[in-house]
Amino acid sequence: MAADQDIWLLITAHPDDESMFFIPTLRNLLYLDRKNDSNDSQKPNIHLLCLSNGDYRDVSDGPVRTKEFYKACSLIGIDGSKSSGASSVVVLDDDRLKDGPNEVWNSDLIANTVLERLQTILGSKQQQSTQQQQQINVNIITFDQGGVSGHPNHVDVFRGIKHVLDEKCHVVRGDDEKLMARLILKQQADTNGQDNNNNRTEVNLRVLTLQTISNPLYKYFLWIFVELLPIFLIWLVQVLLYTIYLLLGGFLFSKNGNRSIRFSRMNTTSDGKHLRCRLFDPVLVWMAMAAHSSQFVWYRRLSVLFSRYTYLNDLHELAIDPTLLSEEEEDEDALPPVNTIEEDSSSPKFLLSNAQMVALREAVLPIGLHHRPWKRIYSLSRDGDSFVSFEKHITNWNAKFGDSSTLLVVKTTKGEVIGGYADAIATSSPRPGTARSCLFRAEKDGSFTVYDGKQNSLGTFFEGSPHRLKSGGTEGSSKKILLDSTRRIIAFGGGIGMKSGDGFGLCLEDGFARGTTARCEAFCNEPLVEGDGVFDVLDVEVYGFVFGQF
């Protein structure tokens, strides 16, 4: 079997992030590249993806900062030309990923952008024959949950990459029983337009995040005495001992007269989960940052000289959630029944049967939620029809479990089952969009039709879902989940960007006696019930998903 092929992809938010924070890592990877130059099969492919062009102050800054980015990458040693196929360096100019501390970047958009980039890297014709013979390891390097500098765009990048790991991959056990995330990328269909297994590439995915140093005193000053100075002292002691050894005539008896005691400017250590890259070359970092001349203000000059990120990078492997372990590892053909949190005997029965829950889980929920127990947060028949009560239950749930996903299920008096899923239900100030949201409708055959407004292009290169999917819509601010205390409504979609004839995809009013459903461009749905879209409500339930019993 051929040696593994390693692909390294650094993902940043802005031009200059690569020079300000990641040069020790990049230079150590390039050193490994040169070291293995004689064996191309073991050479790591190094790529950079910058998700915005840095046009925060003015649109005209975008092209300027893009040129600066390419120049800095060239100084670091990474060629951004396309002479050898797909460019190793890419800067995006996407209105949905605008630079700015007040901008919110959609996690699902980031995840799909990363998948498209990986498809481009792996899809060149020159690599296809090689990929069939090798195990491909993709290593993504990015910020951690602290964003290194705390910039909101940095944090959103981390969330988007974690979204890839949690919801776009399947988890298996390796030969050493270690959990591994595997990603299946689809190439273009064959000439007959048919998909086949030969068009799929399976890769092992690992995510390494750069550790945030939150204490500025340590980041710019104390680290010199705690970490850097001991390295110099140890080297000086080695020099002194070796000098004494030579003075005593040791070289006459030495079998290795070429022993080197030069100070190592570059070093990488790893224990499997943690990677430390050291680089003592502040001149290179200064030159790379100076290439970003529009950003190289006085405080960034000081940062280059004293920042720990100029000399040391600590990368930590992002842990894989064991609950995502693929059911294939258990030699099962189907997922186990849905596990629901037990309630008091006086509580009403669940609105859905377990068979319906299983079907809904497979049709609607992301893979990361398939093994999590369901908790009934709210029930109309149990908790009453007060909007205040409903809002209290949802607010308490979000406060206790954070950014938890929720599933709204509505049963009409005609027996129709409809609803919606969202990564979080907003309370008072809904964000412009969610990582994932959709509407669904139960069919007479027991299946569920799902409307999530995804573009067709987003489903062409990674594993699709087993349910029927209505596609072709657009992402936008109208694809939001609204819980409006003033108007006392719960609504999916609608709002900004509605066309004539459009309305809320699903809306429940105070009292939960009746609701409406209409065509909504954001979800690409038709009305979820028959008739004029107005329905009487029999029952309403909201479910949350937890890691285990509590």
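Below, the structure is looked at part by part.

1. A word on the overall build of the protein chain
In step 1: Along the protein chain, the regular secondary structure elements total 13 helices and 21 strands.
In step 2: Counting every position in the protein chain, which comprises 550 residues, the buried fraction comes to 49%.
In step 3: Taking as baseline every contact in the protein chain between residues at least 6 positions apart, the subset at least 24 positions apart corresponds to 66%.
In step 4: Approximately 26600 Å² of the protein chain is accessible, and the part contributed by carbon and sulfur atoms is 52%.

2. A short note on the packing of aromatic side chains
Two numbers describe a pair of aromatic rings. These are the distance of the centres and the angle of the planes.
In step 1: Taken as a whole, this structure holds 17 aromatic pairs when the rule is applied.
In step 2: Between the aromatic rings of W374 and F545, the centroid separation amounts to 5.4 Å while the plane-to-plane angle is 85°, which identifies the pairing as edge-to-face. Note that W374 is positioned in strand β11 (residues 374–379) and F545 in strand β21 (residues 534–545), a separation of 171 residues in sequence.
In step 3: The exposure class assigned to W374 is buried, which follows from its relative accessible area of 1%.
In step 4: You can call F545 buried: its relative accessible area is 5%.
In step 5: In this structure an aromatic cluster arises from ring pairing among F21, F22, F143 and Y309.

3. Here's the deal with the pattern of salt bridges
In step 1: Throughout the structure, instances matching the rule amount to 20 salt bridges.
In step 2: Residue R308 pairs with E227 through a salt bridge whose shortest N-O separation is 2.8 Å. Of this pair, R308 sits in the loop between α10 (298–306) and β10 (312–317) while E227 sits in helix α8 (residues 216–247), placing them 81 residues apart in sequence. Comparing R308 with E227 shows no difference in burial state: the two are buried.
In step 3: If you follow the salt bridges from partner to partner, you end up with E343, R376, R382, D383 and E541 in one network.

4. Side note on the state of the cysteines
In step 1: This model, assessed by the stated rule, comprises zero disulfides.
In step 2: In this structure C520 is not part of a disulfide, and its nearest cysteine sulfur, from C524, lies 8.5 Å away.
In step 3: Assessed through its relative accessible area of 3%, C520 is described here as buried.

Thresholds applied
Along each chain, residues carry numbers from 1 onward, in the same order as the chain's sequence is written. Given that the model is predicted, a residue must reach a pLDDT of at least 70 before its local features are reported, and side-chain atom pairs must reach 80 or more before they are shown or counted; all residues, however, enter totals for whole chains, interfaces and linings. With hydrogens and water set aside, each side-chain value is computed from the structure's full complement of heavy atoms. The helix and strand labels rest on DSSP assignments: H or I over at least four residues marks a helix, E over at least two residues marks a strand, and numbering proceeds from the N terminus. Exposure classes here rest on a 1.4 Å probe applied to the protein chains alone. A residue is buried below 20% of its type maximum, exposed above 50%, and partly exposed in between. By the convention used here, residues are in contact when the closest approach between their heavy atoms is within 4.5 Å. Methods summary: accessible areas were calculated by the Shrake-Rupley approach with a probe of 1.4 Å, and residue burial reflects only the protein chains presented. Two rings from Phe, Tyr or Trp (for Trp, the six-membered ring) form a pair when their centres are within 6.5 Å of each other. A pair whose planes differ by under 30 degrees is stacked, one over 60 is edge-to-face, and the rest are tilted. Just to be clear on terms, a salt bridge is a Lys or Arg side-chain nitrogen sitting within 4 Å of an Asp or Glu carboxyl oxygen. Our working definition of a disulfide is a cysteine sulfur pair at a distance within 2.5 Å.

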